[in-house]
Amino acid sequence: MRLGGKIWALLPLAAALNVAGGWLAATLKAPLYLDSLGTILAAALGGPWAGVGTAAISNLLSALVGGPLWLFFLPPALVVGFLAGLLARQGFFTAPLKAALLGLILGLAGASCAAPIVTYALQGASGGGTDLLIAAFRALGWSPLQAVWAQSLASDPLDKILTALAVQAFIASMPLSLRASFPLGPYLGAQAPLQWNLRRSAPSSNAEPYRDLAPQWGSFYHPGASFWHKARLSSKGLVGALTLVIAFLWPWGVVISLHPFRAYPLIYLPAWGLALALLAWQARVLGPWLKALACTMGPLGLSMLLLNGLFGPQPQPLSWEGREILDFSLSGSWWALERCGRLGLVAAYAFWLLMTTSNRELLNELERLGLPPRWSYALLAALNFVPHLARRLTQIREAQAARGLVWGRGWRSWSQWPSLLGPLLWSVLGEAQERALYLESRGLGAAPKRSLPPPAPLSTAEKIWRLALGLALLGALLYPSCKDYV
């Protein structure tokens with residue numbers, strides 16, 4: 001399906017809306033995430049491929065600014081975006097009851113897709129508060145897949161139902177002429193307009209003072225003049241290929257037998273992690289690199305070790321001063337440690353790459369390697385729109401506070417999010433209209449490629465590094481097949 005200029009203008013704004021919606025839900029402590037708000041809105045207006053595009057851009061954006069583990073949740077996001085577009089063609093956004101049913105379907109589909117990924121890729125842990133619910137289900141004797149699936153069913157359907165209702169309410173308030181200008185306009189029906197009423201309340205002692213809704217925006221990139229800051233993306237890609245081979249194709253360790261009944265494992269994963277740390281030190285980003293790695297892998301690794309240690313196979317009793325405390329599975333914790341080490345290597349490489357490569361340079365290099373210009377524009381525009389929407393959220397909050405909206409706590413804050421979400425959605429749609437006119441006037445997609453500056457010639461040091469990394473990659477690929485003959 002070919003997407004028009006209006007949809008290409010909406011995609012980066014909808015992806016940024018996913019991030020801004022997550023911030024809004026976290027700030028108001030609402031019982032939903034709103035991190036698929038832009039995906040469902042784009043799918044409702046543009047069709048299934050618009051939802052898929054928004055989900056892909058949103059997860060890549062989250063991976064660029066929040067860590068590579070976001071990529072594990074890309075398949076569920078793609079499923080939600082595609083299903084939302086298909087069901088929108090069947091008229092599921094024409095009434096609130098149909099929208100609630102659509103949200104239930106999306107929640108069940110997303111949970112069914114995410115549960116196997118969380119179970120087998122992350123050992124049933126995410127590093128968040130939902131791990132406590134997973135642990136409760138595991139304590140009842142459920143398998144890891146059943147526990148993760150039950151946790152997903154307890155949270156995802158509610159989030160998707162409320163998000164679908166919010167999108168349906170917004171679409172109902174759109175003028176018919178504006179609604180009909182989108183590809184799925186004829187499928188949205190003639191809906192009654194909805195008024196986004198401002199809920200006024202008198203100031204009270206429980207009201208919190210005004211505070212900024214948007215956190216500080218930034219990226220992992222740290223400007224510098226080191227060798228790796230100047231190196232080509234293809235050279236850094238060789239480091240990534242070597243990391244993936246070591247992390248996923250090699251066995252857990254090399255066993256050295258010094259006695260017929262005793263074997264000592266020589267673990268190489270920490271050794272390659274130390275090599276990546278030396279690369280980060282050479283690029284002068286060791287401190288931020290360690291901090292990002294600890295903040296990302298620390299909670300996840302702790303959850304993986306506890307869940308698999310407490311509920312893994314072959315538990316052994318642990319005692320303190322002669323008294324048994326609990327049963328702990330050493331094999332389960334060792335298995336979790338192995339998986340955490342492999343994921344940690346990939347995360348360590350990704351953080352090193354993002355800290356030594358600017359977003360614009362990364363997208364330009366990907367475009368040279370064959371990334372379509374439209375997707376390059378969408379990714380770069382989404383990166384720029386996130387701080388724009390963050391500032392817009394702050395402006396909306398200031399305007400609503402001037403009109404009498406009081407910042408509440410707890411349950412009171414849940415009733416305030418429509419007064420902030422409605423103007424935010426209208427600002428996104430207005431911005432998309434203006435961007436669509438600009439893109440169509442510039443002939444979006446008319447030229448096969450953008451004119452990019454030629455890359456700098458390879459230095460002698462980078463040629464030597466490429467040769468060394470290429471030989472190391474070849475040896476890493478051959479090692480699993482010939483290690484038994486060495």
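Given the structure is predicted, the values throughout are model-derived calculations rather than measurements.

Scanning the chain from N- to C-terminus turns up 18 helices and four strands. The buried share among the 486 residues of the chain stands at 47%. If you take every contact in the chain between residues at least 6 apart in sequence, the share linking residues at least 24 apart comes to 75%. Summed over all atoms, the accessible surface of the chain reaches about 23,600 Å², with 66% contributed by carbon and sulfur.

With the rule as written, the count across this model stands at nine aromatic pairs. Their ring planes at 65 degrees and their centres at 4.9 Å tell us that Phe-170 and Trp-426 sit as a pair that is edge-to-face. In this pair, Phe-170 is assigned in helix H7 (residues 144–172) and Trp-426 in helix H17 (residues 417–441), connecting sequence segments 256 residues apart. Relative to Trp-465, the ring of Trp-228 lies with its centre 5.2 Å away and its plane at 65 degrees, an arrangement referred to as edge-to-face. With Trp-228 in helix H9 (residues 227–230) and Trp-465 in helix H18 (residues 460–482), the pair connects residues that are 237 residues apart, well separated along the chain. Using a relative accessible area of 31% as the deciding quantity, one classes Trp-465 as partly exposed. One aromatic cluster is present, built from ring pairs that chain together Phe-227, Trp-228, Tyr-349, Trp-352 and Trp-465. Above the ring of Phe-182, the side-chain terminus of Lys-6 is found at 4.9 Å from the ring centroid.

Here we come to the confidence of the model for the chain. Per-residue confidence for the chain gives a mean pLDDT of 79; residues scoring 70 or more make up 79%. Counted against residues more than four places away or in other chains, residues 192–215, with its pLDDT under 50, gives 53 contacts.

With that settled, consider the pattern of salt bridges. Pairs can form between side chains of opposite charge once their charged atoms are near each other. A complete count under the given rule lists three salt bridges for this structure. A salt bridge links Asp-159 to Lys-160; the shortest N-O distance between them is 3.2 Å. As far as burial versus exposure is concerned, Asp-159 and Lys-160 are alike and both buried. In this structure, the salt-bridge partner of Glu-431 is Arg-435, at a minimum N-O distance of 3.1 Å. Here the residue Glu-431 and the residue Arg-435 both occupy positions in helix H17, the gap between them amounting to four residues, near one helical turn. Using a relative accessible area of 18% as the deciding quantity, one classes Glu-431 as buried.

Moving on: the nonpolar core. Phe-93, Leu-276, Trp-289 and Trp-352 are the most contacted members of the largest nonpolar core, which totals 118 residues. Ranked by residues supplied to this core, first place goes to helix H1 (residues 5–28) with 13 residues. Aside from chain neighbours lying at most four places away, what touches Trp-352 is Trp-228, Lys-236, Val-239, Leu-279, Ala-280, Ala-283 and Trp-289.

To continue, consider unusual backbone geometry. The residue Arg-284 is not glycine, and still its phi comes out positive at about 65 degrees. Inspection of the secondary structure puts Arg-284 in the loop between helix H11 (269–282) and helix H12 (286–311). Taking relative accessible area as the criterion, Arg-284 reaches 77% and is therefore assigned exposed.

Parameters and conventions
- Residues numbered from 1 in each chain as written.
- Predicted model: local features only at pLDDT ≥ 70, side-chain atom pairs only at ≥ 80, totals over all residues.
- Heavy atoms only, no water.
- Helix = DSSP H or I, 4+ residues; strand = E, 2+ residues; numbered from the N terminus.
- Buried < 20%, exposed > 50% of the residue type's maximum accessible area, 1.4 Å probe, protein only.
- Contact = heavy atoms within 4.5 Å.
- Areas by Shrake-Rupley, 256 points an atom, 1.4 Å probe, with all protein chains shown as cover.
- Phe/Tyr/Trp six-rings, centres within 6.5 Å; stacked < 30°, edge-to-face > 60°.
- Lys NZ or Arg CZ within 6 Å of the ring centre and 35° of its normal.
- pLDDT = per-residue confidence, 0-100.
- Salt bridge = Lys/Arg side-chain N within 4 Å of Asp/Glu carboxyl O.
- Core = buried A, V, L, I, M, F, W, Y, C linked by side-chain atoms within 4.5 Å.

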